[in-house]
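Topology and contacts: notes
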Amino acid sequence: MIQPLVIANWKMNGSYAANYNLLTYLLPEIAVNRLARIGLCPAYPYLAQVGQRLVGSPVWLGAQNASAYSEGAHTGEVNVAMLRELGCEYVLVGHSERRLMHGEDDTAVAAKFAAVEAAGISPILCVGENLAECEAGETETVITRQVMAVIDQVGIDHFFNAVIAYEPGWANGTGQIASSEHVQYVHGLIRRLLRDRDPYIARELQLIYGGSVNPTNAIALFQQPDVNGALVGGASLDARAFIAICDALEQAHRHALAQGA
Ligand code: PGA
């Protein structure tokens, strides 16, 4: 069975003091032997601070973005070698906020995915329709285009260590959540797209949902067969809420194991 995964995306939040306090509450609960794999993605300036606190713990460090370029005259960019040196095991690629607010198109996202994967880091490819696309009934078309753009540009073989996060732009940071049926429908679509290219990767790849996940709505989401975890933004800044989401995922996973799913 696919190992459940919870990723905290702290976005552009935090400070040395706030991170210190958050980790002090979080780590005794999450940096222990757990069924779920858990990762934390702080903003770049805090990767070293968080990474130091995670040394020797099973919690993974991740970054929210990476440059597709390897080095040189790219002011303001951070390359994958730097992220690897800081101990990052995951990098978010193509987050809806990068696509919507920072102009990243499918080609740019695929180039970043390739750079991250080539560095031996797991790319978390984020895909999702925006509000207008959702209202126009274009969800399936958009998801198919975004997933296939990366598969076609990079190759399905490079998805071996990847994760895909379904992140509808209209649900990120808005408090509006997609229904668990809608999330299952989109995750099922993504798994079918992968299966057409490689059944093994389709069966093993972690598919996680992101968009206003909280301890209350997490329970129904995690009961869906193709929802293997969550990418958590706002609620990951609240230790108690984040721990409750991790617990809900593990409970659903245990239940599925008991059912022989
Ligand atoms: P949210 O963010 O949980 O605050 O909606 C999720 C994400 O965008 O990663």
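Residues numbered from 1 in each chain as written. Predicted model: local features only at pLDDT ≥ 70, side-chain atom pairs only at ≥ 80, totals over all residues. Heavy atoms only, no water.

**Quick look at the sheet that holds strand β5 (residues 122-127)**
Strand order in the closed barrel formed by eight strands is β1-β2-β3-β4-β5-β6-β7-β8, and the pairing between neighbours is parallel. Pairs of neighbouring strands in the sheet enclose a mean axial angle of 25°, with direction left out of account. Along the sheet, helix α8 (residues 180-197) makes contact with β5, β6 (163-166) and β7 (206-210), crossing β6 at roughly 145°. Helix-sheet contacts for helix α11 (residues 239-258) involve β1 (5-9), β2 (37-41) and β8 (229-232), and the interaxial angle to β1 is about 160°. (Pairing = 2+ DSSP bridges. Helix = DSSP H or I, 4+ residues; strand = E, 2+ residues; numbered from the N terminus. Axes fitted to C-alpha atoms, helices over the stretch in contact; angles between N-to-C directions. Contact = heavy atoms within 4.5 Å.)

**Re the site of the ligand**
Neighbouring the ligand are 13 residues, the closest being K11, H95, G173, S212 and G234. Contact distances for the ligand include 2.7 Å between an oxygen atom and a side-chain N or O atom of H95. Relative to its unbound accessible surface of 280 Å², the ligand loses 95% to contact with the protein. Residues that form the shell around the ligand fall into these classes: three nonpolar, eight polar and two charged. (Near = heavy atom within 4 Å. Polar contact = N/O pair within 3.5 Å; in protein donor to acceptor, adjacent residues only side chain to side chain. Areas by Shrake-Rupley, 256 points an atom, 1.4 Å probe, with all protein chains shown as cover. Nonpolar A, V, L, I, M, F, W, Y, C, P; charged D, E, K, R; others polar.)

**Quick word on the packing of helix α1 (residues 16-30) against helix α2 (residues 47-54)**
Close contact between α1 and α2 brings their axes to 11 Å; oriented N to C, the two are set at 25°. Relative to α2, the element α1 is oriented roughly parallel. Crossing angle aside, the handedness with which α1 passes α2 is right-handed. Contacts between α1 and α2 involve Y16, N19, Y20, L23, T24 and L27 from the former and Q49, V50, R53 and L54 from the latter. Residues that form the contact of α1 with α2 fall into these classes: six nonpolar, three polar and one charged. (Parallel < 35°, antiparallel > 145°, perpendicular 65-115°, else oblique. Left-handed = near helix turned anticlockwise from the far one by under 90°.)

**Regarding the packing of aromatic side chains**
When we look at a pair of aromatic rings, we describe it by the centre distance and by the angle of the planes. Applying the stated rule across the entire model yields five aromatic pairs. Of note, R53 hangs over the ring of Y20, and the distance from its end group to the ring centre comes to 4.6 Å. (Phe/Tyr/Trp six-rings, centres within 6.5 Å; stacked < 30°, edge-to-face > 60°. Lys NZ or Arg CZ within 6 Å of the ring centre and 35° of its normal.)

**Observations regarding the layout of surface pockets**
Space inside the largest pocket adds up to approximately 530 Å³. Taken together, 20 residues make up the lining of the largest pocket; nearest its centre are K11, M12, Q64, R98 and H102. Looking at the lining of the largest pocket, the element that brings in the most residues is helix α4 (residues 96-101), giving three residues. Of the residues assigned to the lining of the largest pocket, the class counts are nine nonpolar, seven polar and four charged. (1 Å grid on protein atoms, 1.4 Å probe; cavity = no way out; pocket = protein on both sides within 12 Å on 5 of 7 lines; lining within 4 Å. Points joined across faces, edges and corners; volume = space filled by probe spheres on them.)

**Overview of the pairing of β7**
Buried residues dominate β7, accounting for five of its five residues. Here β7 shows no split at all, with Q206, I208 and G210 on one side and L207 and Y209 on the other all buried. Strand direction decides the pairing type here: β6 and β7, joined by four bridges, are parallel. Counterpart to Y166 in the pairing with β7 is Y209. Examined bridge by bridge, β7 and β8 share two bridges and lie parallel to one another. Counterpart to G210 in the pairing with β8 is L231. (Buried < 20%, exposed > 50% of the residue type's maximum accessible area, 1.4 Å probe, protein only.)

**Comments concerning the state of the cysteines**
Scanning all chains against the criterion turns up zero disulfides. Free of any disulfide, C41 has its nearest neighbouring cysteine sulfur in C88, separated by 7.8 Å. The buried category is assigned to C41, whose relative accessible area is 1%. Residue C88 is classed as buried on the basis of its relative accessible area, which comes to 5%. (Disulfide = S-S within 2.5 Å.)

**Things to note about α2**
If you check which residues of α2 are buried, you get L47, Q49, V50, G51 and L54. Elements that come into contact with the buried residues of α2 comprise α1, β2, β3 (60-63), α3 (80-85) and β4 (88-93). One or two steps after α2, the chain reaches G56, where phi turns positive at roughly 80°.

**Observations regarding helix α5 (residues 106-118)**
Relative to the 18 Å expected for 13 residues at 1.5 Å per residue, α5 spans 18 Å between its end C-alpha atoms, a close match to the ideal helical length. Here α5 has its buried residues at D106, V109, A110, K112, F113, A115, V116 and E117. For α5, the secondary structure elements touched by its buried residues are α3, β4, α4, β5 and α7 (139-154). (Expected span 1.5 Å × (residues − 1).)

**So, the pattern of salt bridges**
The tally for this structure, following the rule as stated, stands at 10 salt bridges. A salt bridge links K11 to E97; its shortest N-O distance comes to 2.8 Å. One end of the pair, K11, is in the loop between β1 and α1; the other, E97, is in helix α4, and 86 residues separate them in sequence. Within this structure, R34, D247 and E250 form a network of salt bridges that share partners. (Salt bridge = Lys/Arg side-chain N within 4 Å of Asp/Glu carboxyl O.)

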